[in-house]
Amino acid sequence: MTSGNASALSRRDFFRRSRPAAIAAPPAAETGSAFTRACDGCGECVPVCQEGVLGVVEGKARVDFARGECTFCGDCVEACDRGALSRAALASWAGRPHVSGMCIGRTGVICRACGDACPRGAIRFVIAVAGSAPLIDLAACNGCGACVAPCPVGAIAVTKPEQAA
């Protein structure tokens with residue numbers, strides 16, 4: 001039963017509301033401070049993104065993997081005339097998914113949403129008495145972020161190796 005001004009939420013919506021942000025610099029972002037200096041938040045990259053995962057947050061271009069995956073098409077690079085995005089940076093993208101302790105597969109619930117969504121088959125599952133924990137083959141993974149959006153509890157974030165904790 002809901003009150004008059006509260007809207008009913010599905011269980012999935014409830015979990016999605018509490019999920020951490022899956023937002024980071026785009027895969028094509030120049031490294032270090034070069035991106036921060038060059039990106040002025042013009043948003044020219046946003047409408048050309050075929051997957052709709054780019055946006056401008058706090059004055060900088062950002063990718064939100066909770067909205068979908070990056071196909072590495074490079075259209076954002078072509079649209080950026082400020083030098084904040086480059087094909088070289090896109091080709092050397094080192095972001096990889098990190099699965100947090102919130103993963104329900106680690107708590108006895110059978111969930112394979114991330115593995116089903118992975119276009120490269122880089123996510124496998126270790127079957128155990130207490131569930132099935134995802135195991136990411138980092139060599140097969142390209143960091144596209146396809147595994148982020150389908151996770152019902154937001155347990156996956158794509159980070160660069162230096163950002164992983």
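So, how was this worked out
Residues numbered from 1 in each chain as written. Predicted model: local features only at pLDDT ≥ 70, side-chain atom pairs only at ≥ 80, totals over all residues. Heavy atoms only, no water. Helix = DSSP H or I, 4+ residues; strand = E, 2+ residues; numbered from the N terminus. Buried < 20%, exposed > 50% of the residue type's maximum accessible area, 1.4 Å probe, protein only. Contact = heavy atoms within 4.5 Å. Areas by Shrake-Rupley, 256 points an atom, 1.4 Å probe, with all protein chains shown as cover. Lys, Arg positive; Asp, Glu negative; His and termini not counted. Salt bridge = Lys/Arg side-chain N within 4 Å of Asp/Glu carboxyl O. Pairing = 2+ DSSP bridges.

Q: Got a sec to walk through the overall build of the protein chain? Specific residues and values, please.
A: Scanning the protein chain for helices and strands turns up five helices and seven strands. The N-to-C order of helical and strand elements in the protein chain reads α-β-α-β-β-α-α-β-α-β-β-β. Burial statistics for the protein chain: of 165 residues in total, 40% are counted as buried. In the protein chain, of all internal contacts separated by at least 6 residues, the share reaching a separation of at least 24 is 65%. A total accessible area of about 9,200 Å² is found for the protein chain, and carbon and sulfur atoms account for 54% of it.

Q: Please provide a residue-by-residue account of the side chain of K60, values included.
A: Within the element layout of this structure, K60 appears in strand β3 (residues 60-64). Buried K60, no salt bridge; nearest opposite-charge side chain is D40, N-O distance 7.4 Å. Once residues within four sequence positions are removed from consideration, K60 is found in contact with F35, T36, C39, G41 and G55.

Q: Please give an account of the sheet that holds strand β1 (residues 23-24) that cites residues and values.
A: Within a beta sheet, neighbouring strands are joined by backbone hydrogen bonds and run either parallel or antiparallel to one another. Within the open sheet, the three strands sit side by side as β1-β3-β2. Their pairing is antiparallel. Where the open sheet ends on each side, the last strands, each with one partner, are β1 and β2 (54-57). Strand direction decides the pairing type here: β1 and β3, joined by two bridges, are antiparallel. Each residue of the ladder has a partner; that of A24, found in β3, is V63.

Q: Explain the pattern of salt bridges to me, using residue names and the numbers behind them.
A: Opposite charge on two side chains permits pairing when their charged atoms draw close. Applying the stated rule across the entire model yields three salt bridges. With a closest N to O distance of 2.7 Å, D40 and R82 form a salt bridge. With D40 in the loop between α2 (33-38) and β2 and R82 in the loop between α3 (75-79) and α4 (87-91), this residue pair connects regions lying 42 residues apart in the sequence. Residue class for D40 comes out partly exposed when judged on its relative accessible area of 47%. Here D81 ties to R82 by a salt bridge, and the two come within 2.6 Å at their closest N and O atoms. Look at R82 and you get partly exposed, because its relative accessible area is 36%.

Q: Give a detailed account of the environment of A157, specifying residues and quantitative values.
A: On the secondary structure map, A157 appears in strand β7 (residues 156-159). On the basis of relative accessibility, which here comes to 25%, the residue A157 falls in the partly exposed class. Each C-alpha atom of the pair A157 and A24 lies 9.5 Å from the other, and the pair is 133 residues apart in sequence. Beyond its immediate chain neighbours, meaning those up to four positions away, A157 contacts R96, P97 and H98.

Q: Before we move on, could you go through unusual backbone geometry and cite the residues and values that matter?
A: The phi angle of most residues is negative, glycine excepted, and most peptide bonds adopt the trans form. Of note, the phi angle at E58 is positive, near 50 degrees, even though the residue is not glycine. Residue placement: E58 occurs in the loop between β2 and β3. With a phi angle near 60 degrees, F72 is a residue other than glycine that sits in the positive phi range. If you trace the backbone, F72 turns up in the loop between β3 and α3.

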